[in-house]
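Here is how the chains run, residue by residue.
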Amino acid sequence: MPSVVMSHYGDARSLLTSPPGPSSRQPISWLGFLLPSPVYDFRLCWLSGKRLASGRAAVGGAKMAEEKFRMKTQVPESQKPRPKKAPEFPIVEKQNWLIHLHYIRKDYEACKALIKEQLQETQGLCEYAIYVQALIFRLEGNIQESLELFQTCAVLSPQCADNLKQVARSLFLLGKHKAAIEVYNEAAKLNQKDWEICHNLGVCYTYLKEFNKAQDQLHSALQLNKHDLTYIMLGKIHLLEGDLDKAIEIYKKAVEFSPENTDLLTTLGLLYLQLGVYQKAFEHLGNALTYDPANYKAILAAGSMMQTHGDFDVALTKYRVVACAIPESPPLWNNIGMCFFGKKKYVAAISCLKRANYLAPFDWKILYNLGLVHLTMQQYASAFHFLSAAINFQPKMGELYMLLAVALTNLEDTENAKRAYAEAVRLDKCNPLVNLNYAVLLYNQGEKKGALAQYQEMEKKVNFLKDNSPLEFDSEMIEMAQKLGAALQVGEALVWTKPVKDLKSKHRTNSVNKSALQQPLGSNQALGQAMSSAAAYRKLPSGVVGGAQLTKPPSLPLEPEPTVEASPTEASEQKKEK
């Protein structure tokens, strides 16, 4: 039998179908190589090929049977179940993401247009769209409209505390603090661990002047979560109660919690500045300027400290920096005016103070300073005008009545001057200068008994101040008190000679005889000293004589301590001498 020659294009299956025959030694080509052909046992090969063919026939028959069964059981395509699609969002909520995107980008017009479309599709049932619309209305100043929309949200979702918080917030902005408290209490029932609810309740109670409840709520807020805003509000409550020590303690804790908060550091520095603790005040104000060199509040306070110590040029340099940031600040122009006053540039001082008064017409400190400058310039009618206005805004400050009495004395209205002095003595239980000036007026009017009573009251206040504080009194005041004491002990109209500083006074006295140069006691120096009394005795401690405390000015800003020259114009005394 011939042997099989298999090339590299040949089929291996031909080996199985070749008829059996004797073995051959002819070479076989495999991939281009000539190899000796193997010796086959054609009998075994033939048998195995027969078995393989029978096996293939069996497998083919099984496949055909399986195909026939599949064709019989095949389901038409129209009856097949369709694959399930991804679940769609409800139509009510499908545009929420886009509404939120426009809102956070502050594209309010596009946001409102989208909200309007969404509410039309959902027939006004999309809670998020209504909520965002209410927020936009609030930002635009339409508080009542925002309140109505937030109430709609609360109806749609009554168990949501955020909706109730927004309703209460709108009520608070409308000034309905009691109603806001009720809604906040309802929100607190839904979420008892929300510090914001406790904080806002404290703010509402503060506006209602229920300070104890406000403090309880703010302390609860701090226990839940500490925030700078809660500390600031709690400190303000203590300031409203007049308790500076507790306010300082609260602000200390706030600074420990947030040491880089410049507002807290500035406020704490101002409180120390008001108490006269200049070292700590300077330290905290310096820290505030370290973190924020452009903090105008800290710069203004630092300039006020320098101004208080008489360094007016450096203070003006500081104020120049502040003027670039806040050119329309009333405290800034008030302090600039008092710097010019300390430098004896009175016209510039009045100009700056009147600008401050234009910006803040109801600030009694500015009116006080205007009255003081006009007294120095001998414009007593203008001084009376501004001091009267200051008294209307601050009716319980004795120093204002004393300066008003000085103006009335120079306007030759002695009776009203006495009434003003009496009111000043009633209100001010700490300042000895009030009693000294009143005693001088009574002595010049011939009422020695009343003058002696006021002099003795002045001595009590001076002794009390010496025992409780290292306060240094003005030398001119001490000299005047000694002269008045000597005059009251002698019991006769003692006159004394002192050089007159003002040129106008010199011009007047040149036309008078030699005896006219000797002026009645207190007609010049004591009244001039009275003009600077507010600044000179602002550092008086809060000790009391008779149970009343010294009225302290507000903490920001502090006015300087000017040294006012003696103001003449004692026409009534000169007429008496003539």
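Residue numbers restart at each chain and count upward from 1, following the sequence in its written direction. Residue-level local features of this predicted model are given only where pLDDT is at least 70; pairs of side-chain atoms are given and counted only at 80 or more, and the full residue set underlies all totals for whole chains, interfaces and linings. The basis for every side-chain value is the complete set of heavy atoms in the structure, and neither hydrogens nor water enter the calculation.

Undergrad: So what about the overall build of the protein? Which residues, and what values?
TA: Per the convention used, a helix needs a DSSP run of H or I reaching at least four residues, while a strand needs a run of E reaching at least two, with both numbered from the N terminus. A tally of regular secondary structure across the protein gives 29 helices and 2 strands. Any residue under 20% of the maximum accessible area for its type is buried, any over 50% is exposed, and the rest in between are partly exposed; the area is computed with a 1.4 Å probe on protein chains only. Per-residue burial for the protein yields a buried fraction of 44% across its 578 residues. Residue burial considers only the protein chains on display, and all accessible areas are found by Shrake-Rupley using a 1.4 Å probe. For the protein, the accessible surface area stands at approximately 32200 Å², while carbon and sulfur atoms represent 55% of it.

Undergrad: How would you explain the packing of helix H9 (residues 195–207) against helix H10 (residues 211–224) if you had to name every residue and give the values?
TA: In contact at an axis separation of 8 Å, H9 and H10 are set at 160 degrees when each is read in the N-to-C sense. Considered as vectors, H9 and H10 are oriented roughly antiparallel to each other. Viewed along their axes, H9 and H10 form a crossing whose handedness is left-handed. Judged by residue contacts, Trp 195, Cys 198, His 199, Leu 201, Gly 202, Tyr 205 and Thr 206 of H9 engage Phe 211, Lys 213, Ala 214, Gln 217, Leu 218, Ser 220, Ala 221 and Leu 224 from H10. Residues are grouped as follows: Ala, Val, Leu, Ile, Met, Phe, Trp, Tyr, Cys and Pro are nonpolar; Asp, Glu, Lys and Arg are charged; every other residue, Gly included, is polar. Looking at the contact of H9 with H10, its residues break down into 9 nonpolar, 5 polar and 1 charged. To get an axis, a line is fitted to the C-alpha atoms, and for a helix only the part in contact is used. The angle between two axes follows their N-to-C directions and goes from 0 to 180 degrees. Any angle from 65 to 115 degrees is called roughly perpendicular, while one under 35 is roughly parallel, one over 145 is roughly antiparallel, and all others are oblique. Crossing handedness is read from the near helix: turned anticlockwise from the far helix by less than a right angle, it gives a left-handed crossing, and turned clockwise, a right-handed one. The contact criterion used throughout is that any non-hydrogen atoms of two residues lie within 4.5 Å.

Undergrad: Give a detailed account of the packing of aromatic side chains, specifying residues and quantitative values.
TA: Two rings from Phe, Tyr or Trp (for Trp, the six-membered ring) form a pair when their centres are within 6.5 Å of each other. A pair whose planes differ by under 30 degrees is stacked, one over 60 is edge-to-face, and the rest are tilted. Counted under the stated rule, the structure contains 8 aromatic pairs. Judged by centre distance (6.3 Å) and plane angle (85 degrees), the ring pair of Trp 364 and Tyr 368 falls under edge-to-face. With a gap of 4 residues between them, Trp 364 and Tyr 368 both fall in helix H19 (residues 364–376), about one helical turn apart. Pair check on accessibility: Trp 364 and Tyr 368 agree, each one buried.

Undergrad: Tell me what's going on with helix H23 (residues 432–444), and back it up with residues and numbers.
TA: A helix is expected to span 1.5 Å for every residue after the first. For H23, spanning 13 residues, the distance from its first C-alpha to its last is 19 Å, which sits close to the expected 18 Å at 1.5 Å a residue. The buried fraction of H23 amounts to 13 of the 13 residues, a majority that puts the element mostly inside the structure. Pairs of N or O atoms are called polar contacts if they sit within 3.5 Å, as long as, within protein, a hydrogen donor faces a hydrogen acceptor (for residues adjacent in sequence, only side-chain-to-side-chain pairs). With a side-chain oxygen positioned 3.0 Å from the backbone nitrogen of Leu 433, the residue opening H23 is Asn 431. Looking one or two places after H23, you find Gly 446, whose phi comes out positive at around 85 degrees.

Undergrad: Explain the confidence of the model for the protein to me, and be specific about the residues and the numbers.
TA: pLDDT: the predictor's confidence for each residue, scored from 0 to 100. Confidence in the prediction for the protein averages 74 pLDDT; 68% of positions are at 70 or higher. Scored below 50 in pLDDT, residues 1–37 shows 44 contacts in the model against residues more than four places distant or in partner chains. Here residues 55–59 scores under 50 on pLDDT; set against residues more than four positions off or in separate chains, the count is 0 contacts.

Undergrad: Tell me about the packing of helix H21 (residues 398–410) against helix H22 (residues 414–427), and please be specific about residues and values.
TA: Orientation of H21 relative to H22, taken along the N-to-C sense of each, is 165 degrees, at an axis distance of 8 Å. If you check the angle between H21 and H22, you find them roughly antiparallel. Judged by the twist between their axes, the crossing of H21 over H22 is left-handed. Together, Gly 398, Tyr 401, Met 402, Ala 405, Val 406, Leu 408 and Thr 409 of H21 and Asn 416, Ala 417, Ala 420, Tyr 421, Glu 423, Ala 424 and Leu 427 of H22 make up the contact between the two elements. When its residues are assigned to classes, the contact of H21 with H22 shows 10 nonpolar, 3 polar and 1 charged.

Undergrad: If you had to explain helix H14 (residues 278–291) to someone new, which residues and values would you point to?
TA: Quick reminder: α-helices carry 3.6 residues per turn. Residues three or four places apart thus point the same way. For H14, with 14 residues, the first-to-last C-alpha span of 20 Å sits near the 20 Å given by 1.5 Å per residue. When we look at burial in H14, the residues that qualify are Ala 281, His 284, Leu 285 and Ala 288. For H14, the arc enclosing every buried residue in end-on projection is 95 degrees, short of the 170-degree limit, so these residues lie on one face. For H14, the exposed residues lying more than 90 degrees away from the buried face are Gln 279, Phe 282 and Thr 290. The inward-facing, buried residues of H14 contact helix H13 (262–275) and helix H15 (296–308). Picture the helix axis, draw a direction to every C-beta atom, and the arc is the one those directions span.

Undergrad: Mind laying out unusual backbone geometry, listing which residues take part and the relevant values?
TA: With phi around 65 degrees, Lys 209 is a residue other than glycine that occupies positive phi space. With respect to the helices and strands, the residue Lys 209 is situated in the loop between H9 and H10. Of note, Glu 412 is a non-glycine position whose phi angle comes to about 65 degrees, a positive value. By the element assignment, Glu 412 lies in the loop between H21 and H22.

Undergrad: Lay out the environment of Leu 404 in plain terms, naming residues and giving numbers.
TA: The residue Leu 404 is located in helix H21 in this model. Sequence separation between Leu 404 and Leu 375 is 29 residues, and the spatial gap between their C-alpha atoms is 9.6 Å.

Undergrad: Pulling in residues and values, what's your account of the nonpolar core?
TA: One recurring pattern in soluble globular proteins: nonpolar side chains tend to sit buried together. Put simply, buried Ala, Val, Leu, Ile, Met, Phe, Trp, Tyr and Cys residues joined by side-chain atoms within 4.5 Å make one nonpolar core. With 73 residues, the main nonpolar core has Tyr 319, Ile 336, Leu 375, Leu 400, Leu 436 and Leu 484 as its most contacted residues. With residues up to four places along the chain from it excluded, the contact list for Leu 400 reads Trp 364, Tyr 368, Leu 387, Ala 390, Ile 391 and Gln 394. Grouped together as the second largest cluster of nonpolar side chains are 52 residues, Phe 150, Leu 171, Phe 172 and Leu 268 included.

Undergrad: Describe the pattern of salt bridges, listing the residues and the values that go with them.
TA: Any carboxyl oxygen of Asp or Glu within 4 Å of a side-chain nitrogen of Lys or Arg constitutes a salt bridge here. Per the counting criterion, the structure on display carries 12 salt bridges. Across the salt bridge formed by Glu 140 and Lys 112, the nearest N and O atoms sit 3.1 Å from each other. Of this pair, Glu 140 sits in the loop between helix H5 (127–139) and helix H6 (143–156) while Lys 112 sits in helix H4 (residues 108–122), placing them 28 residues apart in sequence. By relative accessible area, which is 40% here, Glu 140 ends up partly exposed. We note a salt bridge from Glu 186 to Lys 189, for which the minimum N-O separation is 3.5 Å. Here Glu 186 and its partner Lys 189 are both found in helix H8 (residues 177–190), 3 residues apart, which amounts to about one turn of the helix. One salt-bridge network, in which partners are shared between bridges, spans Asp 162, Lys 165, Asp 194 and Glu 196.

Undergrad: Explain the side chain of His 374 to me, using residue names and the numbers behind them.
TA: Following the sequence through the fold, His 374 ends up in helix H19. With relative accessibility at 3%, the residue His 374 sits in the buried group. Only 2.6 Å separates the side chain of His 374 from the side chain of Gln 379, close enough to count as a polar contact. If near-sequence neighbours (up to four positions away) are discounted, His 374 is found in contact with Ile 350, Lys 354, Gln 379, Ser 382, Ala 383 and Phe 386.

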